[in-house]
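# Residue-level structural notes
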Amino acid sequence: MRCDIVMPVWNKKELTSRCLDSIFENTNCDYRIIIIDNASDSPVRGYLDSLKQSHPDKIILIRNQENLGFTKAVNQGIVNSSGEYVCVMNNDVIVFDGWLSEMIRIAESSK
């Protein structure tokens, strides 16, 4: 059972990097990260490109030519999701060990 994590990004390379590193280090269930780049500047675009190359099975990268805002970016990510679950996340979140498997466990605990 996979959860797709939808994350809009607009610049803020350091925050985004810390967030993604915490996901890679602390997620122990099946997941993908759908990043919607809302027309970030060149350093962030380059960072996201290299991240996709180093994690091709975990990263889907969608690029917008202009900043469409949070809501439209989230909707783009959801449309591109094929996971059983979707988690919408801001790029300034730091997650801890077992965070996603616990969220899924709670979601499955009741209809």
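Here's a quick rundown of the structure. All residue numbers refer to positions counted from 1 along the written sequence of the respective chain. Where local features are concerned, this predicted model is filtered to residues with pLDDT of at least 70; where side-chain atom pairs are given and counted, the filter is 80 or more; whole-chain, interface and lining totals use all residues. Note: side-chain values were computed over all heavy atoms of the structure, leaving out hydrogens and water.

Looking only at helices and strands, one finds 4 helices and 4 strands in the chain. Here a helix means four or more residues in a row that DSSP labels H or I, a strand means two or more in a row labelled E, and each is numbered from the N terminus. Reading the chain from its N end, one meets helices and strands in the order β-α-β-α-β-α-β-α. Here the radius of gyration uses the C-alpha set of atoms, whereas the globule reference equals 2.2 Å times the residue count to the power 0.38. What you see for the chain is a C-alpha radius of gyration of 14 Å, in line with the 13 Å of a compact globule of 111 residues. In terms of overall dimensions, the chain has C-alpha extents of about 45 × 25 × 20 Å along its principal axes. Only protein chains enter the accessibility calculation, which uses a 1.4 Å probe; a residue is then buried when its area is under 20% of its type maximum, exposed when over 50%, and partly exposed in between. Counting across all 111 residues of the chain, residues that qualify as buried make up 41%.

A side-chain nitrogen of Lys or Arg and a carboxyl oxygen of Asp or Glu constitute a salt bridge if their distance falls within 4 Å. Under the defined criterion, the tally for this structure stands at 7 salt bridges. Close ionic contact of Glu14 with Arg18 constitutes a salt bridge, the shortest N to O distance being 3.3 Å. Here Arg18 and Glu14 lie together in helix H1 (residues 13-26), a separation of 4 residues that amounts to about one turn. What makes Glu14 exposed here is its relative accessible area of 56%. Arg63 is the partner of Asp49 in a salt bridge, and the nearest nitrogen-oxygen pair spans 3.0 Å.

The angle between two axes is taken between their N-to-C directions and runs from 0 to 180 degrees, where each axis is a line fitted to C-alpha atoms and a helix contributes only its stretch in contact. Remark: H1 packs on helix H2 (residues 42-54), axes separated minimally by 10 Å, with the N-to-C direction vectors making an angle of 15°. By the angle class used here, H1 and H2 are roughly parallel. Between H1 and H2 lies a crossing of right-handed hand. Residues Lys13, Thr16, Ser17, Leu20 and Phe24 of H1 touch H2, and the partners they reach there are Pro43, Val44, Tyr47, Leu48 and Leu51. Any angle between 65 and 115 degrees counts as roughly perpendicular, while under 35 counts as roughly parallel, over 145 as roughly antiparallel, and the rest as oblique. Helix crossings fall into two classes, left-handed where the near helix is turned counterclockwise from the far one by less than a right angle and right-handed where it is turned clockwise. The contact criterion used throughout is that any non-hydrogen atoms of two residues lie within 4.5 Å.

With parallel pairing, the 4 strands of this open sheet are ordered in space as S3-S2-S1-S4. The open sheet has two edge strands, strand S3 (59-64) and strand S4 (85-88), and neither has a second partner. On average, adjacent strands in this sheet sit at an angle of 20° to one another, irrespective of strand direction. Strand direction decides the pairing type here: strand S2 (residues 31-38) and S3, joined by 6 bridges, are parallel. Strands pair, by our definition, only if DSSP identifies at least two bridges between them.

We call a set of buried residues a nonpolar core when its members are Ala, Val, Leu, Ile, Met, Phe, Trp, Tyr or Cys and they connect through side-chain atoms within 4.5 Å of each other. By size, the foremost hydrophobic cluster in this structure holds 22 residues, and its most contacted members are Ile5, Leu20, Ile23, Ile33, Ile35, Met89 and Trp99. Among the secondary structure elements, those contributing two or more residues to this core are strand S1 (3-9), H1, S2, H2, S3 and helix H4 (99-108).

Position of Lys72 among the secondary structure elements: in helix H3 (residues 70-79). A C-alpha to C-alpha distance of 9.7 Å links Lys72 and Asn38, two positions 34 residues apart in sequence.

Right, let's talk about the pairing of S1 for a bit. Along S1, 7 of the 7 residues are buried, which leaves the element largely enclosed by surrounding structure. Of the two faces of S1, both are covered, the one formed by Cys3, Ile5, Met7 and Val9 as well as the one formed by Asp4, Val6 and Pro8. For S1 and S4, the ladder comprises 4 bridges, and the chain directions are parallel. Following the sheet pairing, Ile5 is matched in S4 by Cys87.

Shape descriptors only; they carry no functional weight alone.
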